[in-house]
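Chains, contacts and geometry: an overview
Read off the chains here:
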Amino acid sequence: QKEVEQNSGPLSVPEGAIASLNCTYSDRGSQSFFWYRQYSGKSPELIMFIYSNGDKEDGRFTAQLNKASQYVSLLIRDSQPSDSATYLCAVNMHYGQNFVFGPGTRLSVLP
Amino acid sequence: EADIYQTPRYLVIGTGKKITLECSQTMGHDKMYWYQQDPGMELHLIHYSYGVNSTEKGDLSSESTVSRIRTEHFPLTLESARPSHTSQYLCASSTGVGSPLHFGNGTRLTVT
């Protein structure tokens, strides 16, 4: 079992819809959770991070964390074609200082 | 916003050449990382450093080496490039445990 899992996609949503991206992790002691967006051929850019159970909102983005279920998600409201990218979930495991990345979910927002 | 710079942006080089990929950051971050990523594939950690004179190998076996003589500088060297080294190399830095990674723009290496 991989330490951080994501559906590879592609996840296709129509413009204006809510895109829901999911991530599960194996280490129950994980402390920090990050979402990155990566356009094809570019480097990952940080969208959001979350440390505590519950929701965290930033503009059109909401990160949700449920440590009991070892689950973190990213919601994108009013999806735009410019949101089409690969979204990477990253977890900072408590036993080390390195980040573990999921394989990424490819999102396609259709005009 | 973290400032982290990688040079060159693109590099095409012949087999057997020695190359050094540069990475510098101006944020004073102690922790720096090198990742390798093939197109459409996962990120793989190849080297990391928690501070000056501290370097460790990552999860992916790599024939490259790194050095950390100054906090702001974390170069990666390939002594003898091979076509299997063709990939994108991403440098990143972080202030510490729990803090996010900030990535440079990457170096796309092609070995012919």
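To be clear, the structure that these remarks concern was listed above.
Residues numbered from 1 in each chain as written. Chains lettered and ligands numbered in written order. Predicted model: local features only at pLDDT ≥ 70, side-chain atom pairs only at ≥ 80, totals over all residues. Heavy atoms only, no water.

1. So, the overall build of chain A
- Check the secondary structure of chain A and you find 0 helices and 11 strands.
- For chain A, the C-alpha radius of gyration of 13 Å lies close to 13 Å, the compact-globule estimate for 111 residues.
- Expressed along its principal axes, the backbone C-alpha trace of chain A runs to roughly 45 × 30 × 20 Å.
- Each of the 111 residues in chain A was classed as buried or not, and the buried ones make up 45%.
- Summarising the internal contacts of chain A: among those between residues at least 6 apart in sequence, 54% fall at separations of at least 24.
- Of the roughly 5200 Å² that chain A leaves accessible, carbon and sulfur atoms contribute 48%.
- One way to put it: in chain A the 9 positive side-chain charges average out to a point 3 Å from where the 10 negative ones average out. (Helix = DSSP H or I, 4+ residues; strand = E, 2+ residues; numbered from the N terminus. Rg over C-alpha atoms; globule rule 2.2 N^0.38 Å. Buried < 20%, exposed > 50% of the residue type's maximum accessible area, 1.4 Å probe, protein only. Contact = heavy atoms within 4.5 Å. Areas by Shrake-Rupley, 256 points an atom, 1.4 Å probe, with all protein chains shown as cover. Lys, Arg positive; Asp, Glu negative; His and termini not counted. Charge placed at Lys NZ, Arg CZ, Asp CG, Glu CD.)

2. Observations concerning the environment of Asn53(A)
Residue and element names in this part refer to chain A.
- With respect to the helices and strands, Asn 53 occurs in the loop between strand 5 (45-50) and strand 6 (54-58).
- Here the alpha-carbon distance between Asn 53 and Gln 64, two residues 11 residues apart in the chain, equals 7.3 Å.
- Beyond its immediate stretch of four places on either side in the chain, Asn 53 contacts Leu 65, Asn 66 and Lys 67.
- Engagement of the side chain of Asn 53 in a polar contact is seen with the backbone nitrogen of Lys 67, the distance being 2.7 Å. (Polar contact = N/O pair within 3.5 Å; in protein donor to acceptor, adjacent residues only side chain to side chain.)

3. Here we look at the packing of aromatic side chains
- According to the stated counting rule, one finds 13 aromatic pairs over all chains in the structure shown.
- Taking 4.8 Å as the distance between ring centres and 45° as the angle between the ring planes, the aromatic pair formed by Tyr25(A) and Phe33(A) counts as tilted. As far as burial versus exposure is concerned, Tyr25(A) and Phe33(A) are alike and both buried.
- Centroid distance Phe49(A) to Tyr51(A): 5.3 Å. Interplanar angle 35°. Geometry classified as tilted.
- Judged by relative accessible area, which is 27%, Phe49(A) ranks as partly exposed.
- A network of ring pairs unites the aromatic residues Phe34(A), Tyr36(A), Phe49(A), Tyr51(A), Phe99(A), Phe101(A), Tyr33(B), Tyr35(B) and Phe103(B) as a single cluster.
- For Arg60(A), the ring lying beneath its charged end belongs to Phe61(A), and the centroid distance is 5.5 Å.
- Geometry around Phe74(B) places Arg68(B) over its ring, the cationic atom sitting 5.8 Å from the centre. (Phe/Tyr/Trp six-rings, centres within 6.5 Å; stacked < 30°, edge-to-face > 60°. Lys NZ or Arg CZ within 6 Å of the ring centre and 35° of its normal.)

4. Some details on the nonpolar core
Residue and element names in this part refer to chain A.
- One finds Val 4, Trp 35, Val 72, Leu 74, Ile 76 and Tyr 87 to be the most contacted residues of the largest nonpolar core, which totals 25 residues.
- Where this core is concerned, the elements lending two or more residues are strand 3 (19-25), strand 4 (32-38), strand 5, strand 7 (61-66), strand 8 (71-76), strand 9 (85-92) and strand 11 (105-110).
- Sequence-distant contacts of Val 4, that is, excluding residues within four places in its chain, are made with Cys 23, Thr 24, Tyr 25, Cys 89, Val 91, Met 93, Val 100, Phe 101, Gly 102 and Pro 103. (Core = buried A, V, L, I, M, F, W, Y, C linked by side-chain atoms within 4.5 Å.)

5. Some thoughts on the sheet that holds strand 1 (residues 4-7) of chain B
Residue and element names in this part refer to chain B.
- Ordered by their spatial adjacency, 4 strands build an open sheet running 1-3-8-7, and the pairing between neighbours is antiparallel. The strands lining the two open edges of the sheet, one partner per strand, are strand 1 and strand 7 (65-66).
- Taken together, the 4 bridges between strand 1 and strand 3 (residues 19-25) define a ladder with antiparallel strand orientation. Bridge pairing in strand 3 places Gln 6 opposite Cys 23. (Pairing = 2+ DSSP bridges.)

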